[in-house]
Amino acid sequence: MRIARFTTGEDPLYGVVTGELDEFGQPDPDSVVVALAGDPLYVGVKLLDQEYKLEDVRLLAPVLPRSKVVGIGRNYAAHAAEMGNDVPDEPLMFLKPNTSVIGPGDPIFYPPQTQNLHYEGELAVVIGRICRDVPPEQATDVIHGYTIGNDVTARDLQKKDGQFTRAKGFDSFCPLGPWIETDLDPHDFSEGRSVQTHLNGDLVQDGSTKDLIFDIPTLVAHVSSVMTLLPGDVILTGTPEGVGPMNVGDEVEVSIAGLGTLTNPVKAR
């Protein structure tokens, strides 16, 4: 089930997106969104007698994290190597504020404090219930679904500061979307789903989730051993190799097989 958050020009709504995705992660032209009676994280999936053509609505960030976005660094060996880092012995965590979240089509704003802004296409896990100290074998019990993320990073500030908060925390530095897919199992990703990023149409990242150093159950267990996770919290699972700079006027697309494509322009702040 693909759950979207959208607007027709008025207050945001939630809905279930019908139709198939093509090989490029784009929905069928005849796809519709069937409205739901509120946020399914809190009221469940209750369909209404309202539907809209997908092409007639504006998709929003599919989730507004209640408290936090937890990033995982260096979770692909090739990316760790391209950045000159060793593979960590345990998941390397950092936080992005929920104010960094934007949706499909929203601009990534290039702030004046940086001269080296990078894309990082990633699989994102959306938490569905309050949880703490979750054993890996019970991770599926607390996962609401999966979406696509772009862990935008001011690389020069990351190097200058020696930690990640400012470099990854600006407004608009966490695009999410286009929707949440709820009917997948973490093992689907262990078997491998492509993670690709295109910059102005050119392929710049081409990885697979089978190369995750720490798989999704391990990440949920590790993060929840440190902090309580709330409904709507997001875990970004790391980026494959091929990260690089974006500039004002660029367009970045992140696609994950079976999930769709997240597209955002880059504009000056």
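Residues numbered from 1 in each chain as written. Predicted model: local features only at pLDDT ≥ 70, side-chain atom pairs only at ≥ 80, totals over all residues. Heavy atoms only, no water.

**Student:** Go over the packing of aromatic side chains with me, naming the residues and quoting the values.
**Tutor:** All told, the structure shown has four aromatic pairs when counted by the stated rule. With a centroid separation of 5.1 Å and 75 degrees between ring planes, the pair formed by Phe-94 and Phe-164 is classed as edge-to-face. Of the two residues, Phe-94 sits in strand β7 (residues 92-96) while Phe-164 sits in the loop between α3 (155-161) and α4 (165-169), which places them 70 residues apart along the sequence. Ring centres of Tyr-146 and Phe-189 lie 4.8 Å apart, and the angle between their planes is 55 degrees; this geometry places the pair in the tilted category. Within this pair, whereas Tyr-146 is found in strand β12 (residues 143-150), its partner Phe-189 is found in helix α5 (residues 186-190), the two being separated by 43 residues in sequence. The positively charged end of Arg-193 is found above the aromatic ring belonging to Phe-189, 5.6 Å away from the centroid. (Phe/Tyr/Trp six-rings, centres within 6.5 Å; stacked < 30°, edge-to-face > 60°. Helix = DSSP H or I, 4+ residues; strand = E, 2+ residues; numbered from the N terminus. Lys NZ or Arg CZ within 6 Å of the ring centre and 35° of its normal.)

**Student:** So what's going on with helix α6 (residues 216-224)? Residues and values would help.
**Tutor:** Summarising burial for α6: eight of the nine residues are buried, a large majority. Packed against the buried residues of α6 are β6 (69-73), β7, β11 (121-127), β12, α5 and β17 (234-236). (Buried < 20%, exposed > 50% of the residue type's maximum accessible area, 1.4 Å probe, protein only. Contact = heavy atoms within 4.5 Å.)

**Student:** Any details on a negative patch on the surface? Residues and values, ideally.
**Tutor:** A cluster of like negative charges, contributed by Glu-20, Asp-22, Glu-23, Asp-28 and Asp-30, occupies part of the molecular surface. Tracing the sequence through the fold places Glu-20 in the loop between β2 (13-17) and β3 (32-36). What makes Glu-20 exposed here is its relative accessible area of 62%. (Patch = residues over 30% accessible without salt bridge, like charges linked within 9 Å, V, L, I, M, F, W, Y side chains within 5 Å. Areas by Shrake-Rupley, 256 points an atom, 1.4 Å probe, with all protein chains shown as cover. Salt bridge = Lys/Arg side-chain N within 4 Å of Asp/Glu carboxyl O. Lys, Arg positive; Asp, Glu negative; His and termini not counted. Charge placed at Lys NZ, Arg CZ, Asp CG, Glu CD.)

**Student:** Describe the sheet that holds strand β20 (residues 260-268), listing the residues and the values that go with them.
**Tutor:** If you walk across this open sheet you meet the five strands as β9-β20-β19-β15-β16, and the pairing is mixed. Each edge of the open sheet carries a strand with a single partner, namely β9 (108-110) and β16 (202-208). Recorded for the sheet is a direction-independent mean angle of 20 degrees between the axes of neighbouring strands. Bridge count for strand β15 (residues 194-199) against strand β19 (residues 251-256) is five bridges, and the pairing is antiparallel. Residue His-198 lies in a different strand from β19, and its bridge partner there is Glu-253. (Pairing = 2+ DSSP bridges. Axes fitted to C-alpha atoms, helices over the stretch in contact; angles between N-to-C directions.)

**Student:** Account for the nonpolar core, with residues named and values stated.
**Tutor:** Of all hydrophobic cores here, the largest spans 29 residues; its most connected members are Tyr-146, Ile-216, Val-220 and Ile-235. Looking at this core, the elements that each hand over two or more residues are β6, β11, β12, α6 and β19. Considering each element in turn, this core owes the most residues, four residues, to α6. Residues within four places of Ile-235 in sequence aside, it is in contact with Val-70, Ile-72, Leu-123, Ala-124, Val-125, Ile-127, Val-220, Val-223 and Leu-229. (Core = buried A, V, L, I, M, F, W, Y, C linked by side-chain atoms within 4.5 Å.)

**Student:** Talk me through the pairing of β15; I want residue IDs and the actual numbers.
**Tutor:** Sheet topology places β15 next to β16; six bridges connect them, and they run antiparallel. From the neighbouring strand, His-198 faces β16, where its bridge partner is Leu-203. Between β15 and β16, which follow one another and run antiparallel, lie two residues, and Asn-200 among them has a positive phi close to 55 degrees.

**Student:** Any chance you could break down unusual backbone geometry for me, citing the residues and the numbers?
**Tutor:** With omega at 5 degrees, the peptide bond leading from Gly-177 into Pro-178 counts as cis. Secondary-structure assignment places Pro-178 in strand β14 (residues 174-181). Phi is positive for Asp-133, which is not a glycine, with a value near 55 degrees. Examined against the element boundaries, Asp-133 turns out to sit in the loop between β11 and β12. We note that Ser-172 has phi near 80 degrees; this positive angle belongs to a residue other than glycine. With respect to the helices and strands, the residue Ser-172 is situated in the loop between α4 and β14.

Bear in mind that shape data such as this cannot, by itself, settle questions of function.
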